[in-house]
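Chain and residue survey
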Amino acid sequence: MIKKHVGMDALAMDQHGNIYISDIFQNGLYKYSSGNEELQFLAVFPDAGINEKNLHSDAVYIKENIYFLCYNRPVIHVYSCTDSEIREIRFEEDRGHNLRLFLREDTLFILSDSGNIREYNISSNTIAACSKNYASELRNYIDKFKTGSNCTKYQRGFILCENGGNCFVKVDVINETSRMYAAPCDDLRMVYLFAGRYWFLKNHSFNAAAWDGRSTCVKEYQCVHNEWINRNHFFPYADMVNSGGDLYIVNHYAALAMKVNEKTSSLIPAYGQESRQCPANDNPYGGLYGRCAEYGDCLYFFPCQSRDIVRISKKDGQIKYVLSYADINKDYMKQIDIMFEGDILVDEEVTVADWPLRCLVREQKPDETLL
């Protein structure tokens, strides 16, 4: 069914502060202009169902192009910001899911949850499996995970952690090393690396923890003023952001950023409103907000189940809900109707091959494809 609102999945920001977003609930590409605070529907991605969920897992902006990594298929969709064209880059299928992209100079590193790393050379348009030792070490580490893995990025590569466990792997694509760590705590959901310390967000805790990578204990940061939080919610935090040396944790169920207070070893509400929280009877696995982006003096929260993009000023904490979904949904339906000349049911799975709109589709295959 065509949904009533837009959920944000993979997103990337260009040099002008425009944010390009792949919808998490159905096939759709959107552009959010931070200048005039408008969300514009651009296109539907090719060779994917209209109602396909979780189409992309990551996105990167490179030289007027947005590279969207498909989660369930061996494809990168490339959207040109200059001519509004979408092309495809295909590679060999993996037994796992594609998780993240990392850019180093002219190479995009593609990481899957099976531990495989591929390297896509942008200039030569070639893609190949990474044959370095650190890539094979990573696969050996991942095979030891008892459950699935979650992934974040840091300045030199990726961090994969065992969901619900205590193990994580730091992948340094610059120095070409992989190293596995056993943290002195468990129930890990996400692991971040800021200022030489590993930060842990957990599945069933409203607190955060930090570890230096050597000691036998972690430093706990207690969440204060959390009486409003629905304690049945799973993984209460969605993201962690380093903004000018200050660390903020984005709440998954409210338009609220928690700030790390080193003096009191606590998490304090920094920006936002506690009242905009997810009702207690809502799906505990589908929170309001999932991704965060920073531009200028503002933090932007992008929704999963919410109906607004939230802009929060870091200067004064002023919060603004900057989106009306009614107009966006109307524009989406209008363009879908144009694509298929009215011959489509909204609950029908349709694959888009071509359409007479602003986006033309051209498939671009790399010159070399390796397993």
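Here the structure is a predicted model, which is why all the values come from computation and not from measurement. (Residues numbered from 1 in each chain as written. Predicted model: local features only at pLDDT ≥ 70, side-chain atom pairs only at ≥ 80, totals over all residues. Heavy atoms only, no water.)

1. So, the overall build of the protein chain
Heads up, the condition is: To qualify as a helix, a DSSP run of H or I must reach at least 4 residues; to qualify as a strand, a run of E must reach at least 2; elements of each kind are numbered from the N terminus. Residue contacts follow a heavy-atom distance rule, with two residues in contact if any of their heavy atoms lie within 4.5 Å. Each accessible area value is a Shrake-Rupley result obtained with a 1.4 Å probe; residue values ignore everything except the protein chains displayed when judging cover.
Helix and strand content of the protein chain: 2 helices and 29 strands. For the protein chain, contacts bridging at least 24 residues in sequence account for 47% of all contacts bridging at least 6. With an accessible surface of roughly 16,100 Å², the protein chain has 45% of that area assigned to carbon and sulfur atoms.

2. Side note on the sheet that holds strand S13 (residues 149-154)
Heads up, the condition is: A strand pair is defined by DSSP finding two or more bridges across the two strands. In this description, a line fitted to the C-alpha atoms serves as the axis of each element, helices being fitted only across the stretch in contact, and the angle between N-to-C directions of two axes falls anywhere from 0 to 180 degrees.
The antiparallel open sheet is built from 4 strands, whose spatial order is S13-S14-S15-S16. Each edge of the sheet is formed by a strand with only one pairing partner; in this case those strands are S13 and strand S16 (177-182). The mean angle between the axes of side-by-side strands here comes to 20 degrees, regardless of whether they run parallel or antiparallel. Running at roughly 25 degrees to S16, helix H1 (residues 133-142) makes contact with strand S14 (157-162), strand S15 (167-172) and S16 of the sheet.

3. Re the environment of Pro269
As for its placement among the helices and strands, Pro269 is situated in strand S24 (residues 266-277). Counting along the chain gives 12 residues from Pro269 to Ala257, while the straight-line C-alpha distance between them is 6.0 Å.

4. Observations regarding unusual backbone geometry
Rules: Each residue's exposure class comes from its accessible area (1.4 Å probe, protein chains only) as a fraction of the maximum for that residue type: buried when under 20%, exposed when over 50%, partly exposed otherwise.
A positive phi angle, near 50 degrees, is found at Asn54, a position not held by glycine. Within the element layout of this structure, Asn54 appears in the loop between strand S4 (38-43) and strand S5 (56-62). Residue class for Asn54 comes out partly exposed when judged on its relative accessible area of 36%. In the Ramachandran plot, Lys63 falls in the positive-phi region, its phi being about 50 degrees despite a non-glycine side chain. On the secondary structure map, Lys63 appears in the loop between S5 and strand S6 (65-70).

5. Remarks on the sheet that holds strand S10 (residues 107-112)
Adjacent strands of a sheet pair through backbone hydrogen bonds, lying either parallel or antiparallel. Pairing is antiparallel across the open sheet formed by 4 strands, whose spatial order is S9-S10-S11-S12. Whereas interior strands pair on both sides, the edge strands pair on one side only; in this sheet they are strand S9 (98-104) and strand S12 (126-129). The mean inter-strand angle of the sheet, taken between neighbouring strand axes irrespective of direction, is 20 degrees. Bridge count for S10 against strand S11 (residues 117-121) is 5 bridges, and the pairing is antiparallel. By the bridge assignment, Leu108 is partnered in S11 with Tyr120. Packed onto the sheet, H1 meets S10 and S11 and runs at close to 145 degrees relative to S11.

6. Examining the pattern of salt bridges
We apply this condition: We define a salt bridge as a contact between a side-chain nitrogen of Lys or Arg and a carboxyl oxygen of Asp or Glu at a distance within 4 Å.
This structure, assessed with the given rule, holds 11 salt bridges. Its salt-bridge partner being Glu88, residue Arg90 comes within 3.2 Å of it at the nearest N-O pair. Of the residues examined, Arg90 reaches a relative accessible area of 27% and is grouped as partly exposed. Look at the salt bridges and you will find they share partners, linking Asp47, Glu88 and Arg90 into a network.

7. Some thoughts on H1
Going by this rule: As used here, the arc belongs to the directions running from the helix axis to the C-beta atoms.
Burial in H1 covers these residues: Tyr134, Ala135, Leu138 and Ile142. Buried residues of H1 fall within an arc of 100 degrees about the axis and therefore sit on the same side.

8. What to know about the side chain of Ser112
Keep this limit in mind: Throughout this description, a polar contact denotes any pair of N or O atoms lying within 3.5 Å of each other; where both atoms belong to protein, one of them has to be capable of donating a hydrogen while the other can accept it, and for residues adjacent in sequence the pair is counted only when both atoms sit in side chains.
With respect to the helices, strands and loops of the structure, Ser112 is situated in strand S10. Residue classification places Ser112 among the buried positions, given a relative accessible area of 1%. Polar contacts involving the side chain of Ser112 include one to the side chain of Ser114, which spans 2.7 Å. Apart from the residues within four sequence positions on either side, Ser112 is in contact with Asp94, His97, Asn98, Leu99 and Leu160.

9. A few points about the environment of Ile19
Looking at the element boundaries, Ile19 is found in strand S2 (residues 18-23). Distance in space between the C-alpha atoms of Ile19 and Ala293 is 8.8 Å, their sequence separation being 274 residues. In contact with Ile19, other than residues within four places in its own chain, are Leu11, Ala12, Met13, Tyr30, Lys31, Tyr32, Ala293 and Phe302.

10. Notes on the side chain of Asp58
Mapping Asp58 onto the fold places it in strand S5. Taking the relative accessible area as the measure of exposure, Asp58 reaches 5% and is therefore buried. A distance of 2.9 Å separates the side chain of Asp58 from the side chain of Lys153, its partner in a polar contact. Sequence-distant contacts of Asp58, defined by excluding residues within four places in its chain, comprise Ala10, Tyr67, Phe68, Leu69, Leu99, Arg100, Leu101 and Lys153.

11. Brief notes about the packing of aromatic side chains
Aromatic ring pairs are reported here in terms of the distance separating the ring centres and the angle at which the planes meet. Cut-off, in case you're wondering: When the centres of two rings from Phe, Tyr and Trp lie within 6.5 Å, Trp using its six-membered ring, the rings pair. Their planes under 30 degrees apart give stacked, over 60 give edge-to-face, and anything left gives tilted.
Within this structure, the stated rule accounts for 14 aromatic pairs. Of the aromatic side chains, those joined through ring pairs into one cluster are Phe168, Tyr181, Tyr198, Phe200 and Trp211.

12. Here we look at the environment of Glu37
Its place among the elements puts Glu37 in the loop between strand S3 (29-33) and S4. Classification of Glu37 by relative accessible area gives buried; the value is 15%. Linking Glu37 and Ile309, residues 272 residues apart in sequence, is a C-alpha distance of 9.3 Å.

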